[in-house]
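The residues making up each chain are set out below.
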Amino acid sequence: MSFLDYVFSATFFQSAGITLALTVVSMVLGIVGGLLLGLVKTSSVAPARWLANGYIWLFRGTPVLLQLIFVFNVLPGWGLRFSPFTCAVIALSMNEAAYMAEIIRAGLLSVDRGQRTAAHMLGLSERQILRWVVLPQAARVILPPTGNQFIGMLKTSALASVVAVQDLLLSAQRIAAANFDYVNTLVAAAIHYLVLTTLFTLAVNAVERRLDVTRRASARRKGPLTPPVMPATTGGN
Amino acid sequence: MTMTTSPTLLRADGITRSYHGAAVVKDVTLGIREGESVVILGPSGAGKSTMLRCLAGLEPVQTGEISFRGTRFAAAGEQPKPLRGEIGMVFQQFNLFPHMTALENVTLAPRRVRGIPAAQAEAEARDLLVKVGLAEKVDHYPFELSGGQQQRVAIARALAMRPAVMLFDEPTSALDPEFTREVLEVMRALAAEGMTIVVVTHEMGFARRSADRVVFMDAGQIIEEGPTEETFDRPRHARTQHFLAQILAH
Ligand SMILES: Nc1ncnc2c1ncn2[C@@H]1O[C@H](COP(=O)(O)OP(=O)(O)OP(=O)(O)O)[C@@H](O)[C@H]1O
Ligand SMILES: [Mg+2]
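Below is a short write-up of the structure. (Residues numbered from 1 in each chain as written. Chains lettered and ligands numbered in written order. Predicted model: local features only at pLDDT ≥ 70, side-chain atom pairs only at ≥ 80, totals over all residues. Heavy atoms only, no water.)

## Quick look at the overall build of chain B
Put simply, the test is: Helix and strand assignments follow DSSP, with helices taken as H or I runs no shorter than four residues and strands as E runs no shorter than two, numbered in order from the N terminus. Relative accessible area decides the class of each residue, using a 1.4 Å probe on protein chains only: under 20% of the type maximum gives buried, over 50% gives exposed, and in between gives partly exposed. What sets the accessible areas is the Shrake-Rupley method with a 1.4 Å probe; for residues, cover comes only from the shown protein chains. As used throughout, the charge tally considers Lys and Arg to be positive and Asp and Glu to be negative, leaving His and the chain termini uncounted. Charged groups are reduced to one reference atom each: NZ for lysine, CZ for arginine, CG for aspartic acid, CD for glutamic acid.
Each helix and strand in chain B was counted, giving eight helices and 10 strands. Principal axes of the C-alpha set define a box for chain B whose edges measure 55 × 45 × 40 Å. Within the span of chain B, comprising 250 residues, buried residues form 58% of the whole. Looking at chain B as shown, the accessible area adds up to about 10,400 Å², and 49% of this sits on carbon and sulfur atoms. Positive and negative side-chain charges of chain B, numbering 27 and 30 respectively, have mean locations separated by a distance of 3 Å.

## A word on the packing of helix H2 (residues 10–41) of chain A against helix H3 (residues 46–60) of chain A
All names here are of chain A. For the record, the criterion: For helices, the fitted axis covers only the stretch in contact; all axes are lines through C-alpha atoms, and the angles between them, taken along N-to-C directions, range from 0 to 180 degrees. Working definition: roughly parallel below 35 degrees, roughly antiparallel above 145 degrees, roughly perpendicular at 65 to 115 degrees, and oblique for all remaining angles. Note on convention: the crossing is left-handed when the near helix lies turned anticlockwise from the far helix by less than a right angle, right-handed when the turn is clockwise. In this description, contact between two residues means that some pair of their heavy atoms is separated by no more than 4.5 Å. Put simply, Ala, Val, Leu, Ile, Met, Phe, Trp, Tyr, Cys and Pro go in the nonpolar bin, Asp, Glu, Lys and Arg in the charged bin, and everything else, Gly too, in the polar bin.
Look at H2 against H3: their axes get within 8 Å of each other, and the N-to-C directions meet at 135 degrees. When the axis of H2 is compared with that of H3, the two are oblique. In the packing of H2 onto H3, the handedness of the crossing is left-handed. Of H3, the residues touching H2 (which contributes Leu37, Val40 and Lys41) are Ala48, Arg49, Ala52, Asn53, Tyr55 and Ile56. In terms of residue class, the contact of H2 with H3 is made up of six nonpolar, one polar and two charged.

## Things to note about helix H6 (residues 113–121) of chain A
Keep this limit in mind: Pairs of N or O atoms are called polar contacts if they sit within 3.5 Å, as long as, within protein, a hydrogen donor faces a hydrogen acceptor (for residues adjacent in sequence, only side-chain-to-side-chain pairs).
Inspection of H6 of chain A places Gly114, Gln115, Thr117, Ala118, Ala119 and Met121 of chain A among the buried residues, and these make up the whole buried set. Looking at the buried side of H6 of chain A, the elements it contacts are helix H7 (126–156) of chain A together with helix H1 (48–55), strand E6 (87–90) and helix H4 (147–159) of chain B. If you check the start of H6 of chain A, you find a side-chain oxygen 2.9 Å away from the backbone N of Gly114 of chain A, and it comes from Asp112 of chain A.

## Describing the nonpolar core
Going by this rule: Among the buried residues, those of types Ala, Val, Leu, Ile, Met, Phe, Trp, Tyr and Cys that are joined through side-chain atoms within 4.5 Å form a nonpolar core.
With 86 residues, the main nonpolar core has Leu10, Ile15, Ile66, Ile87 and Leu167 of chain B as its most contacted residues. With 10 residues, the single largest contributor to this core is H7 of chain A. Ignoring any residue separated from it by four or fewer positions in sequence, one finds Ile66 of chain B in contact with Leu10, Arg11, Ala12, Ile15, Cys54, Leu55, Val61, Thr71, Arg72, Phe73 and Ala74 of chain B. Counting residues in each nonpolar core, the second largest holds 45 residues, with Val39, Ile155, Ile197 and Phe243 of chain B among its members.

## Thoughts on the packing of aromatic side chains
Centre distance and the angle of the planes are the two values used to describe a pair of aromatic rings. The following threshold applies: Stacked, tilted and edge-to-face are the three classes applied to pairs of Phe, Tyr and Trp rings, where Trp contributes its six-membered ring and a pair requires centres within 6.5 Å; stacked means planes under 30 degrees apart, edge-to-face means over 60, and tilted covers the rest. Look at NZ for Lys and CZ for Arg. If either is within 6 Å of the ring centre and within 35 degrees of the ring normal, a charge sits over the ring.
For the coordinates displayed, the defined rule picks out six aromatic pairs over all chains. Ring plane angle 55 degrees and centroid distance 5.0 Å describe the contact between Phe150 of chain A and Phe200 of chain A, whose orientation is recorded as tilted. One end of the pair, Phe150 of chain A, is in helix H7; the other, Phe200 of chain A, is in helix H9 (residues 182–211), with 50 residues separating them in the sequence. Of the residues examined, Phe200 of chain A reaches a relative accessible area of 13% and is grouped as buried. The side chain of Arg131 of chain A reaches across the aromatic face of Trp132 of chain A, ending 3.8 Å from its centre. The ring of Phe97 of chain B has Arg157 of chain B sitting right over it, with the charged end atom 4.5 Å from the ring centre.

## As for the site of ligand 1
Residues and elements named next belong to chain B. In plain terms, the rule: Throughout this document, a residue counts as near a molecule or strand when at least one of its heavy atoms sits within 4 Å of that molecule or strand.
Around ligand 1 sit Tyr19, Val24, Pro43, Ser44, Gly45, Ala46, Gly47, Lys48, Ser49, Thr50, Glu170 and His202, and those are all the residues in its vicinity. Separating an oxygen atom of ligand 1 from a side-chain N or O atom of Ser44 is a distance of 2.5 Å. With respect to ligand 1, the backbone of Gly45 contributes an N or O atom lying 2.8 Å from an oxygen atom. For ligand 1, whose accessible area on its own is 640 Å², the fraction buried by protein is 57%.

In structure tokens:
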């Protein structure tokens, strides 16, 4: 069999789907956790800040593989039984949250204080200020490193193979062991990873372009490209 | 249009604002009457911005209290209660939301805070942008506008909440001189139609023409206040005389 037979095999597609699901779910939860931690880190409540910092210290200071094996082996002893996939999601997203917290905090701090003041004077609540004023601006700072984290997660998710999640790497290893064909199976897995990372990179670039006001402005000038967030009116000149 | 009989809209009573124990505003009492236009003058570091921020409910005070239409919203030892756009504020640095068009900047608060339907908010925003001379710029982003145009959008944005009083902190200080006039013109029109305005500025021409009353601050205190002409022409306090002589010499 050539590596192309493996690339297009149902097993590889299925396990690529698992890798993708593991990555996306862990990243989404990691971003939500990172947002909460990032907000706490920029809050004025000192004990809350210490807790967030302690969390980040713990999860960034220990190997994610250790965290994964801990979740898989120790939680059942505490009566918390999860599937391997769920264990991997728990470990990867908790780890990711620690990294995203720093990224999101930097993004929040990049927004000028005057923006909050102006919004506050207009009567917006703290939550509305975050939603309509701060986050859309912080997003431009947060997005590029988050794209990197996404691609990192796609690769880190391969660690889940050690707790028997049927991801790309584990499938490749199993087939390799059965067929004594490491070269073709690993090359096939590598191709799947490369396709996924490439697609992610393109998606991140597309979102970055959408957030760029200078492009939005020139799109408006041309007319048909007017993004849906803008009223369908024609501007000056 | 001095309106000495109209009711007091905004009132600070013996307020002190300190940073790290140093009082920047010291025991200041100031009442702003409905329809009045008040200009606050004084040297750099006098505490003008800090006092304006206190009036806006942006700073906690260490002594005294501040009330709006007779209702106290800030008092010593508590965080000021958030208002809902009743007090509008315009900043030296404009602080427009850079990710929104002029129209979106103006409609954001009416829609989100007041729950006004999008179409109605937009119609009102357009009227306001026309009023400040920016009919052509509704769909422009702040980075596409001059400083003077941005400041006029900021004024329209504050007006969209139909505030009872507008506070301006050096609204033209960040502008190139050629754009100063258009902003002062909008402010003058506002004052002329009876809007209550409180303006910190170094624009003496504006103060003379548009202010009913001037307040002179130095070292955190109100040194002197009175009707515009009288205070400009016959300042009683030596520090006011010195300040006016210096600034008018320029
Ligand atoms: N957040 C702050 N922390 C510490 N000190 C402050 C703070 N804000 C203002 N001050 C100090 O308070 C004093 C008064 O400042 P303020 O900005 O109110 O003066 P101002 O009259 O508006 O001056 P300017 O004409 O230069 O704008 C200054 O000495 C300033 O250094
Ligand atoms: Mg100032």
